[in-house]
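# Chains, contacts and geometry: an overview
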Amino acid sequence: MFALKCISGRLSRLGTASVLTATAVALPALLPGTAQQAEAATMGVKALNVAASKKGSPYQWGAIGPNRFDCSGLTLYSFKRAGKKLPRTAAAQYNSTRHISSGARRVGDLVFFHTGRSIYHVGIYAGSGRIWHAPKTGARVRLERIWTSAVWYGRVA
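Residues numbered from 1 in each chain as written. Predicted model: local features only at pLDDT ≥ 70, side-chain atom pairs only at ≥ 80, totals over all residues. Heavy atoms only, no water.

With that settled, the discussion passes to the overall build of the chain. When you go through the chain residue by residue, the secondary structure sums to 5 helices and 6 strands. Ordered by position from N to C terminus, the α and β elements of the chain give α-α-α-α-α-β-β-β-β-β-β. With 157 residues in all, the chain has 39% of them scored as buried. The long-range fraction of contacts in the chain, counting pairs at least 24 apart against all pairs at least 6 apart in sequence, stands at 51%. (Helix = DSSP H or I, 4+ residues; strand = E, 2+ residues; numbered from the N terminus. Buried < 20%, exposed > 50% of the residue type's maximum accessible area, 1.4 Å probe, protein only. Contact = heavy atoms within 4.5 Å.)

Given below as structure tokens:
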């Protein structure tokens, strides 16, 4: 509480833009883990934007871009462009993420589709129950509604 009062006193002497800047700098120091969470969220949003920019690219099994993709190839390519290396397959990507509940999911998190314990597909969560993904042979990268409840979520850290 003391730290917040000290910051508040200092901020009252600063202009509005300085207050916002100072808050952005000071808040992560006061709340451990906040900077890492913000960085992960920013990386996820960057990856999502990369995936969205590939809208209409054709599906090709085993392809990792930049013009053709399979599901895990699209997520690998998107996160690589956002600054994070992922393993090649959907199952390996799941194993490399921090597993989260559906209630904790955020835009940019990975969505893993499974049958039992076997993962068969991955996409990037776009919000409102939708994902960007490379669906299947004959299809193209697209935004689509999540069609099943048999999904797990993972956050790339």
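Past the structure itself, the notes keep going.
Across the chain, pLDDT averages 83, with 74% of residues at or above 70. Counting contacts from residues 1–34, a segment whose pLDDT is below 50, to residues more than four positions away or on other chains yields 12 contacts. (pLDDT = per-residue confidence, 0-100.)

Counted under the stated rule, the structure contains 6 aromatic pairs. Here the aromatic rings of Phe113 and Trp147 are separated by 4.4 Å at their centres, their planes lie at 10°, and the arrangement is stacked. Note that Phe113 is positioned in strand 2 (residues 110–115) and Trp147 in the loop between strand 5 (142–145) and strand 6 (151–155), a separation of 34 residues in sequence. Residue classification places Phe113 among the buried positions, given a relative accessible area of 0%. The exposure class of Trp147 is partly exposed, given its relative accessible area of 45%. Ring pairs connect the aromatic residues Tyr94, Phe112 and Trp152, which therefore count as one cluster. (Phe/Tyr/Trp six-rings, centres within 6.5 Å; stacked < 30°, edge-to-face > 60°.)

Where strand 3 (residues 118–127) lies against strand 4 (residues 130–133), 3 bridges are found, and the strand directions are antiparallel. Its bridge partner lying in strand 4, Tyr125 is registered against Ile131. Hairpin geometry of strand 3 and strand 4 is characterised by an intervening segment of 2 residues between the two adjacent antiparallel strands and by a positive phi of about 55° at Ser128. Taken together, the 4 bridges between strand 4 and strand 5 define a ladder with antiparallel strand orientation. Each bridged residue has a counterpart across the sheet, and for His133 the counterpart in strand 5 is Arg142. (Pairing = 2+ DSSP bridges.)

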